[in-house]
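# Breakdown of the fold
Residue strings, one per chain:
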Amino acid sequence: KELTTIHMHHNYLSGAIPRSIGKMKNLDQLSLFANYLSGTVPRNIFSLESLRGLWIGDNFLTGYFEPSSMKQLSNLVWLEAYDNYITGTLPPIFSELKFLRVALLNNNLINGHIPALVFKMSSLQSLSIGDNLLTGSIPSVVGDSMVLEKL
């Protein structure tokens, strides 16, 4: 049997997220929020096709979301990466995550514009992107989403 769930949130864990977690091909949920974790999120975590929930918020994580590897998170439903030091842009690849319902990315260092494709997602109900470094205009399609309830 292989581990399918890791719930280690609300602790005093420190250091980096082990790369070995990204080798757990049957991992369904990874919950490490509210710790003292630092460093970058191992890229191989973004290639876990079975991952449905990723909770890494409220840590000291850095780095950015690698668009090419995020495409493999095809079953991701819940992404919480708020209150970190994540940089880069909001990857348009989010629009290809057809099951993603919640993306909490607030209070990071995310920059660039908001991709209009995000508002065309068929499942996204909640998107939190406040307290970042976003620029440009609000996409004109912002009100076109039939499922987005919170922005």
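One can find the structure itself at the top, above this paragraph.
What comes next concerns the included structure. Note that the structure is predicted; figures quoted are calculated from it, not measured.

## What about the overall build of the chain?
Regarding its fold elements, the chain presents 1 helix and 12 strands. Counting from the amino terminus, helix and strand elements in the chain follow one another as β-β-β-β-β-β-α-β-β-β-β-β-β. For 151 residues, the compact-globule estimate of 2.2 N^0.38 gives 15 Å, and the C-alpha radius of gyration of the chain, at 15 Å, lies within 12% of that figure. Each principal axis of the C-alpha distribution contributes one length, and for the chain these read about 45 × 30 × 25 Å. Of all 151 residues assigned to the chain, the portion counted as buried reaches 48%. Taken as a whole, the chain presents about 7900 Å² of accessible surface, with 54% of it coming from carbon and sulfur. Charge centroids of the chain, computed over 11 positive and 11 negative side chains, lie 8 Å from each other.

## Concerning the nonpolar core
Counting 39 residues, the largest nonpolar core has Leu-30, Leu-51, Leu-54 and Leu-105 as its most contacted members. Aside from chain neighbours lying at most four places away, what touches Leu-51 is Leu-27, Asp-28, Gln-29, Leu-30, Ile-45, Leu-73, Asn-75 and Leu-76. Within the second largest apolar cluster, 6 residues are counted, among which are Ala-34, Tyr-82, Val-102 and Leu-104.

## Details of the sheet that holds strand β8 (residues 85–87)
Spatial ordering of the open sheet is given by β2-β4-β6-β8, a layout of 4 strands whose pairing is parallel. On the outer flanks of this sheet lie β2 (14–15) and β8, each paired with one strand and no other. Here strand β4 (residues 36–40) runs beside strand β6 (residues 60–64); their pairing, made up of 3 bridges, is parallel. Residue pairing for β6: Ser-38 is matched across the bridge by Phe-60.

## As for the sheet that holds strand β5 (residues 53–55)
On the basis of which strands lie adjacent, the open sheet formed by 6 strands has the order β1-β3-β5-β7-β9-β11 and parallel pairing. In this open sheet, the two edge strands, each paired with only one partner strand, are β1 (5–7) and β11 (126–128). On average, adjacent strands in this sheet sit at an angle of 10 degrees to one another, irrespective of strand direction.

What counts as what
Residues numbered from 1 in each chain as written. Predicted model: local features only at pLDDT ≥ 70, side-chain atom pairs only at ≥ 80, totals over all residues. Heavy atoms only, no water. Helix = DSSP H or I, 4+ residues; strand = E, 2+ residues; numbered from the N terminus. Rg over C-alpha atoms; globule rule 2.2 N^0.38 Å. Buried < 20%, exposed > 50% of the residue type's maximum accessible area, 1.4 Å probe, protein only. Areas by Shrake-Rupley, 256 points an atom, 1.4 Å probe, with all protein chains shown as cover. Lys, Arg positive; Asp, Glu negative; His and termini not counted. Charge placed at Lys NZ, Arg CZ, Asp CG, Glu CD. Core = buried A, V, L, I, M, F, W, Y, C linked by side-chain atoms within 4.5 Å. Contact = heavy atoms within 4.5 Å. Pairing = 2+ DSSP bridges. Axes fitted to C-alpha atoms, helices over the stretch in contact; angles between N-to-C directions.

Read these as geometric descriptors, not functional statements.
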